[in-house]
Amino acid sequence: MSRSVWKGPFVDGYLLNKADAARASTRNEIIKIWSRRSTILPQFVGLTFGVYNGKKFIPVQVSENMVGHKFGEFSPTRTFTGHSSDKKAKRG
Amino acid sequence: MPVERILVGEIGRPHGVRGLVRVQSFTAEPADIAAYGPLSDESGGMRYALQWLGGGLARIEGVADRDAAAKLTGTRLYVARDRLPPPEEEEFYLADLIGLAARDAEGREMGRVAAVEDFGAGTILTLRDEQGRETLLPFTRAVVPVVDVAGGFVTVQPPEAVVVPPGEGDAEPEAALPEPVRPLPRRQDAPRRTGPRGVRGGAA
């Protein structure tokens, strides 16, 4: 069953405070968090979080189309190694 | 230092009796494995011209029966790096990035690029130093300002880490909500019905 709409999105409160502080500063920083359960809010767009996957902090650059998802969705807990082959990476 | 040959696939089991084979393609688009011209094996001695049939099936030129196809099972297919089209601006082949030396702004060695991954939230470089320690960095202009594939190095400026331990300020989750929540009316709060009830048990 999906979450009731009247409750609003769940997010750990301390993330909001930290995100506000990070937006105010112009430094190049990565916010390390353990809260995989928190919903990504529009306030987080443009920030980079390090989301813990049980072993390491996976960098998550928040973009607009990630709003509404959970942080944990972008920090897999299982290892997958594929072949690089002809795949390309774009520098953000 | 760019690699000379890139692994693009592997020949699997034969399919049918006319020499078709299953091919596991590692390319971004599976059909592209046949687009780079003849492929070579691990030693570089044999060359295979593939015709991609879709669904993981391919026909290899010169292979007409099942026995010949079965002999190729397990063969890894390589393509020369210079056959790949040049990437666009700000794009890099993963094969080019992996193995580059990582240096900081002062030129100190920070290890090598061990992997390049993308879990849906931007590309990530994994650096591994001589002690085996891994550092994950977002692949952005701010963090990786210089990528010199020909020179064999990347310059990185690791971002400052801000740690937010769980529990800090945890007592204020309400701050997340833009406006106070009005709970839905509960059933017991609804006004009681007045008036006659229906007759139970029917007309009897």
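Because the structure is a prediction, the values reported are computed rather than measured.

Enquirer: So what exactly am I meant to see when it comes to the overall build of chain A here?
Expert: Of regular secondary structure, chain A possesses one helix and four strands. Each helix (α) and strand (β) of chain A, taken in turn from the N terminus, gives the series α-β-β-β-β. Summarising its shape, the C-alpha atoms of chain A cover approximately 45 × 40 × 25 Å along the three principal directions. A total of 92 residues make up chain A; the buried ones form 43% of that total. Residue pairs at least 24 apart in sequence account for 44% of intrachain contacts in chain A once pairs closer than 6 positions are excluded.

Enquirer: What is the right way to look at the side chain of Glu 90 of chain B in this model?
Expert: Residue position: Glu 90 of chain B is located in the loop between strand E7 (76-80) and strand E8 (91-93). Classification of Glu 90 of chain B by relative accessible area gives buried; the value is 19%. A distance of 2.8 Å separates the side chain of Glu 90 of chain B from the side chain of Arg 141 of chain B, its partner in a polar contact. Here Glu 90 of chain B is in contact with Ala 89, Lys 90 and Arg 91 of chain A together with Arg 141 of chain B, once residues within four sequence places are set aside.

Enquirer: Even after reading the chapter, I still don't get the pattern of salt bridges, so can you show me in this structure?
Expert: Any two side chains of opposite charge can pair, given that their charged atoms come close. A full pass over the atoms with the stated rule returns 12 salt bridges over all chains. Between Arg 37 of chain A and Asp 12 of chain A there is a salt bridge whose closest N-O contact spans 2.9 Å. Linking Arg 37 of chain A in the loop between strand E1 (29-33) and strand E2 (48-52) with Asp 12 of chain A in the segment before helix H1 (13-24), this pair joins segments that are 25 residues apart in sequence. In this structure, the salt-bridge partner of Glu 134 of chain B is Arg 128 of chain B, at a minimum N-O distance of 2.6 Å. A residue is classified by how much of its surface remains accessible, and Glu 134 of chain B, at 36% relative accessible area, is partly exposed. Each of the salt bridges in this network shares a partner with another, and the network as a whole consists of Lys 56 of chain A together with Arg 128 and Glu 134 of chain B.

Enquirer: Any chance you could explain the domain arrangement of chain B here in plain terms?
Expert: Put simply, an interface is often sized by how much accessible area is lost when its parts join up. Domain annotation for chain B reports domain 1 (5-83) and domain 2 (94-155). Computed over C-alpha atoms only, the centres of domain 1 of chain B and domain 2 of chain B are separated by 32 Å.

Enquirer: What is the right way to look at the UniProt feature "domain: Ribosome maturation factor RimM PRC barrel" (unreviewed entry) in chain B in this model?
Expert: Mapped onto the present numbering, the UniProt feature "domain: Ribosome maturation factor RimM PRC barrel" (unreviewed entry) falls at residues 96-160 of chain B. Between the C-alpha atoms that bound residues 96-160 of chain B there is a distance of 27 Å. The span itself is 3% helix and 48% strand.

Enquirer: Which parts of the structure should I look at to understand the interface of chain B and chain A?
Expert: With 62 residues of chain B at the contact, the number on the chain A side is 40 residues. Summed over both sides, the interface between chain B and chain A buries roughly 4,400 Å², with carbon and sulfur atoms accounting for 59% of that surface. Counting the contacts that link chain B with chain A gives three salt bridges. A salt bridge links Glu 90 of chain B to Arg 91 of chain A; the nearest nitrogen and oxygen atoms lie 2.9 Å apart. Seen at the junction of chain B and chain A, the total is 15 residue pairs in polar contact (both at pLDDT 80 or more). The set of elements that each furnish at least two residues to the side of chain B that touches chain A consists of strand E1 (5-15), E8, helix H2 (94-97), strand E10 (109-118), strand E11 (123-128), strand E12 (134-138), strand E13 (146-148) and strand E15 (160-164) of chain B. By residue class, the composition of the side of chain B that touches chain A is 42 nonpolar, eight polar and 12 charged.

Enquirer: It is not clear to me how the sheet that holds E13 of chain B should be interpreted in this structure. Could you clarify?
Expert: Note on sheets: strands pair through backbone hydrogen bonds, and any given pair is parallel or antiparallel. All names here are of chain B. Judged by pairing direction, the sheet is mixed, and its six strands sit side by side in the order E12-E11-E10-E9-E14-E13 without closing on themselves. Edge positions in the open sheet fall to E12 and E13, since each of these has one partner strand only. Neighbouring strand axes in the sheet, compared pairwise and without regard to direction, differ in orientation by 30 degrees on average.

What counts, and where the lines are drawn
Residues numbered from 1 in each chain as written. Chains lettered and ligands numbered in written order. Predicted model: local features only at pLDDT ≥ 70, side-chain atom pairs only at ≥ 80, totals over all residues. Heavy atoms only, no water. Helix = DSSP H or I, 4+ residues; strand = E, 2+ residues; numbered from the N terminus. Buried < 20%, exposed > 50% of the residue type's maximum accessible area, 1.4 Å probe, protein only. Contact = heavy atoms within 4.5 Å. Polar contact = N/O pair within 3.5 Å; in protein donor to acceptor, adjacent residues only side chain to side chain. Salt bridge = Lys/Arg side-chain N within 4 Å of Asp/Glu carboxyl O. Domains from an automatic or database assignment. UniProt positions renumbered as here; feature names shortened; annotations may be inferred. Buried area = accessible area lost by both parts, 1.4 Å probe. Nonpolar A, V, L, I, M, F, W, Y, C, P; charged D, E, K, R; others polar. Pairing = 2+ DSSP bridges. Axes fitted to C-alpha atoms, helices over the stretch in contact; angles between N-to-C directions.

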